[in-house]
Amino acid sequence: MTDLRIRAADPADLDAVLAFWKTAAEGTSISDDRNGVERLVHRDPEALILAEQGGELVGTVIAGFDGWRCHLYRLAVHPERRRQGIGSALLAAAEERFVRLGGRRGDAMVLTRNETAHHAWRAAGYTPEEQWRRWVKPLTD
């Protein structure tokens, strides 16, 4: 995996990222559109982290930091490239970013039904906190 390149996304990557998520990410989000991802990259240019191999997008993670908490979203690795250390490399980059910014604990949004993700997150040292429940309210139609 010596040719793996980890870098922050830039605006030119956004269409490729959205297409990649349709193949590699589990589930969809209300923010999975050009405007949503564009706002993310504009507001925090280092939050969307990409993994490339041979010039091809093979993984993503969003490492959002609000000044208090470290949030991980959209950890996705191309199905044909899984179990090769790409997810681990993305998480290491995200965690290094959090530490650099003063973060003390990372939390991940993981779908309850995504058992494959549960194994990956546990292997990376994350544990579920069953006492917490996510509450949401859409702010737009």
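See the structure above.
In every chain, residue numbers begin from 1 and rise along the written sequence. Reporting of local features is limited, given that this is a predicted model, to residues whose pLDDT is at least 70; pairs of side-chain atoms are given and counted only at 80 or more, and all residues count toward the totals for whole chains, interfaces and linings. Processing note: side-chain calculations cover all non-hydrogen atoms of the structure and skip hydrogens and water entirely.

Caption draft 1: Molecular detail of the sheet that holds strand β3 (residues 56-65). Taken together, five strands build an open sheet; the order of strands is β1-β2-β3-β4-β5 and the sheet is mixed. Since the sheet does not close on itself, it has two edges, and those belong to β1 (4-8) and β5 (106-108), each with one partner. Sheet twist, expressed as the mean angle between neighbouring strand axes with direction ignored, is 25 degrees. For two strands to count as paired, DSSP must find a minimum of two bridges between them. The numbering of helices and of strands both runs from the N terminus, where a helix is a DSSP run of H or I of at least 4 residues and a strand a run of E of at least 2. Two strands pair when backbone bridges link them, and strand β2 (residues 48-53) and β3 are joined in this way by six bridges, in the antiparallel orientation. Every axis corresponds to a line fitted to the C-alpha atoms, with the helix fit spanning only the stretch in contact, and the corresponding angles, defined between N-to-C directions, vary from 0 to 180 degrees.

Caption draft 2: View of the nonpolar core. Put simply, a nonpolar core is a bunch of buried Ala, Val, Leu, Ile, Met, Phe, Trp, Tyr and Cys residues held in one set by side-chain atoms that sit within 4.5 Å of each other. To sort residues, take the accessible area from a 1.4 Å probe on protein chains only and compare it with the maximum for the residue type: under 20% means buried, over 50% means exposed, and anything in between is partly exposed. Counting residues in each nonpolar core, the largest one holds 19 residues, and the members touching the most others are Ile-49, Leu-72 and Ile-86. Only β2, β3, β4 (70-77), α3 (86-101) and α4 (115-123) provide two or more residues apiece to this core. Of the residues forming this core, the biggest block, six residues, is contributed by α3. By size, the runner-up hydrophobic cluster in this structure holds 15 residues, among which are Trp-21, Val-37, Val-41 and Leu-48.

Caption draft 3: Layout of the pairing of β2. The element β2 is largely enclosed, with a buried count of six among its six residues. Residues of β2 alternate between two faces, with Leu-48, Leu-50 and Glu-52 on one and Ile-49, Ala-51 and Gln-53 on the opposite face, all of them buried. Two strands pair when backbone bridges link them, and β1 and β2 are joined in this way by five bridges, in the antiparallel orientation. Bridge pairing in β2 places Arg-5 opposite Glu-52. Connecting β2 to the antiparallel partner β3 that follows it, the hairpin turn spans two residues, and Gly-54 within it adopts a positive phi of roughly 60 degrees.

Caption draft 4: Up close: the side chain of His-71. Take His-71: it is sitting in strand β4. N or O atoms closer than or at 3.5 Å make up a polar contact, with two conditions inside protein: a donor-capable atom paired with an acceptor-capable one, and, for residues adjacent in sequence, both atoms drawn from side chains. A polar side-chain atom of His-71 sits 2.9 Å from a polar atom in the side chain of Asp-107. The contact rule is simple, with two residues in contact once any of their heavy atoms fall within 4.5 Å. Those residues in contact with His-71, other than ones at most four positions away along the chain, are Ile-62, Ala-63, Gly-64, Asp-66, Phe-98 and Asp-107.

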